[in-house]
Amino acid sequence: MGSKSQGLLITFEGGEGAGKSTQIQLLAEGLQAHGHEVVLTRQPGGTTYGKRIRDLILEPAQEETLSSRAELFLYLADRAHHVEYLVRPALSAGKIVICDRYTDSTLAYQGYGRGLDLDQLHMLNAAATDHLVPDLTFWLDLDPRLGRERIAGRGTLDRLESEDLSFHEAVRAGYAALAAQDPERWIQVDARQSVAAIQDFALQRALFFLN
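Since the structure is predicted, the reported quantities are computational estimates derived from the model, not experimental observations.

The next point concerns the sheet that holds strand E5 (residues 186–190). One open sheet holds the five strands; their spatial order is E2-E3-E1-E4-E5, and the pairing between them is parallel. The sheet is open, and its two edges are formed by strand E2 (38–42) and E5, each paired on a single side. Strand-to-strand twist in this sheet, taken as the mean axis angle between neighbours without regard to direction, amounts to 20°. With five bridges joining them, E2 and strand E3 (residues 96–100) adopt parallel strand pairing. Within the sheet, the bridge partner assigned to Leu40 lies in E3 and is Ile98.

What follows is the structure, encoded as structure tokens:
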């Protein structure tokens, strides 16, 4: 179980359109209502430097194509700074950090999606975070076809959202493999459920973990 005095790192993972942003905010509000101090953040983009890196990664493709390895190292640069500057200090202060995406996104997207070497990705993630692993990970699982329908009305899609269906199916398969490897940390959530149902489930699981 988690210890409030030592802080707690909760991460949310999932494909496009799964509803992570909504559920992260709701979980933060629920935990705060129970007296917990919460820091809400995301990767990439949780710091000033991270916002600039996020723009580089997600802006629609221009005349140059960002290579898979360049994409990877941009994520890692954001993660290294984010963990040292924001995440670890918050955990040391006994706060609950809820992060929209973390190391598992790199494994799912750049590993299973892009086909980069998984062993190398594990090593690089460990180096970027100094071996900081989430205490609890909620995976909002959604068929990529439904996810694409959900994001269709957003207007211009970012570079990752615009990837073809096969890429997003590979990412989902990657998440399934990762969850199976560490079932004590991962909590799979059917993202087809109502917002309220997911909200209640996530809060109850988080509170159980904290007690």
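Glancing now at the packing of helix H3 (residues 68–92) against helix H5 (residues 118–129). Running from N to C, H3 and H5 point in directions that differ by 30°, and their axes come no closer than 8 Å. Note that H3 runs across H5; the crossing there is right-handed. In this structure, H3 uses Arg69, Leu72, Phe73, Leu76, Arg79, Ala80, Val83 and Arg88 to contact H5, whose residues at the interface are Gln120, Leu121, Leu124, Asn125, Ala128 and Thr129. Broken down by class, the residue content of the contact of H3 with H5 amounts to eight nonpolar, three polar and three charged.

A few words now on the pattern of salt bridges. All chains considered together, the criterion is met by 13 salt bridges. Taking the shortest distance from any N to any O, the salt bridge between Arg172 and Asp141 comes out at 2.8 Å. Taken together, the positions of Arg172 in helix H7 (residues 165–181) and Asp141 in strand E4 (residues 136–141) put the pair 31 residues apart, joining distant regions of the chain. With a relative accessible area of 30%, Arg172 lands in the partly exposed category. Note on Asp141: relative accessible area 11%, which makes it buried. A salt bridge links Asp143 to Arg145, with the nearest nitrogen and oxygen atoms 3.8 Å apart. What makes Asp143 partly exposed here is its relative accessible area of 30%.

Conventions we followed
- Residues numbered from 1 in each chain as written.
- Predicted model: local features only at pLDDT ≥ 70, side-chain atom pairs only at ≥ 80, totals over all residues.
- Heavy atoms only, no water.
- Pairing = 2+ DSSP bridges.
- Helix = DSSP H or I, 4+ residues; strand = E, 2+ residues; numbered from the N terminus.
- Axes fitted to C-alpha atoms, helices over the stretch in contact; angles between N-to-C directions.
- Left-handed = near helix turned anticlockwise from the far one by under 90°.
- Contact = heavy atoms within 4.5 Å.
- Nonpolar A, V, L, I, M, F, W, Y, C, P; charged D, E, K, R; others polar.
- Salt bridge = Lys/Arg side-chain N within 4 Å of Asp/Glu carboxyl O.
- Buried < 20%, exposed > 50% of the residue type's maximum accessible area, 1.4 Å probe, protein only.

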